[in-house]
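# Tertiary structure, described
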Amino acid sequence: MLERELPPISEGRSWEIRSKVLGVYDKGAGKPTIMEREHVLIDRDTKEIYSRAWETAIFLGTGGWGGNRGNGPDKTERGITRCSWVNRAANCSLQSSRE
């Protein structure tokens with residue numbers, strides 16, 4: 001989700017992507033573990049936020065470790081746009097439907 005218009009060139013700017021884990025959820029024995037993260041693109045010098053992206057990683061068959069089952073963050077405002085599968089784990093990119 002774009003928070004502000006990106007400049008036409010990035011020369012002279014210093015960009016940084018900050019990521020944080022929003023939650024890790026245990027869906028039960030024989031079910032997946034779900035990890036949700038947020039990524040924020042900022043101008044390192046001004047600290048202005050330019051965009052946010054959300055990501056969900058699904059690790060099949062790894063549940064049952066006793067963690068929070070949770071429902072994860074509210075996805076009513078987001079939709080899955082792309083998933084890639086690597087070693088039985090789905091890595092799905094999410095975006096805001098408010099765009």
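Before reading on, note that the structure itself is shown above.
So, a few notes on the structure that sits alongside this text. Keep in mind that this is a model prediction, so the values were computed, not measured.

### Re a nonpolar patch on the surface
Residues V21, V24 and W65 make up a contiguous nonpolar surface patch of about 270 Å² in total accessible area. Here W65 lies in the loop between strand 3 (49-59) and strand 4 (78-86). On the accessibility criterion, W65 (45% relative accessible area) is partly exposed.

### Re the environment of W65
Considered as a pair, W65 and D26 are 39 residues apart in the sequence and their alpha carbons are 6.8 Å apart. W65 has contacts with V24, Y25, D26 and T33, leaving out every residue within four places of it along the chain.

### What about the side chain of H39?
Looking at where H39 falls in the secondary structure, it is placed in strand 2 (residues 33-43). Take H39: its relative accessible area is 19%, and that puts it in the buried class. Separated by 2.6 Å, the side chains of H39 and E55 make a polar contact. Apart from residues lying up to four places away in sequence, H39 is in contact with I17, R18, S19, S51, R52, A53 and E55.

### Quick word on the pairing of strand 1 (residues 15-26)
Examined bridge by bridge, strand 1 and strand 2 share 11 bridges and lie antiparallel to one another. Along strand 2, the bridge assignment pairs K20 with E38. Joining the antiparallel neighbours strand 1 and strand 2 is a turn of six residues, in which G28 adopts a positive phi near 110°.

### Observations regarding the pattern of salt bridges
Counting across every chain of the model gives eight salt bridges. Here E3 ties to R52 by a salt bridge, and the two come within 2.6 Å at their closest N and O atoms. Here E3, found in the segment before strand 1, pairs with R52, found in strand 3; they are 49 residues apart in sequence, far enough to count as distant. The partner of K20 in a salt bridge is E38, with the nearest N and O atoms 3.9 Å apart. With K20 in strand 1 and E38 in strand 2, this pair connects stretches of sequence that are 18 residues apart. For K20, a relative accessible area of 46% puts it in the partly exposed group. One network of salt bridges, in which partners are shared, links E3, K20, E38 and R52.

Calculation rules
- Residues numbered from 1 in each chain as written.
- Predicted model: local features only at pLDDT ≥ 70, side-chain atom pairs only at ≥ 80, totals over all residues.
- Heavy atoms only, no water.
- Patch = residues over 30% accessible without salt bridge, like charges linked within 9 Å, V, L, I, M, F, W, Y side chains within 5 Å.
- Areas by Shrake-Rupley, 256 points an atom, 1.4 Å probe, with all protein chains shown as cover.
- Salt bridge = Lys/Arg side-chain N within 4 Å of Asp/Glu carboxyl O.
- Helix = DSSP H or I, 4+ residues; strand = E, 2+ residues; numbered from the N terminus.
- Buried < 20%, exposed > 50% of the residue type's maximum accessible area, 1.4 Å probe, protein only.
- Contact = heavy atoms within 4.5 Å.
- Polar contact = N/O pair within 3.5 Å; in protein donor to acceptor, adjacent residues only side chain to side chain.
- Pairing = 2+ DSSP bridges.

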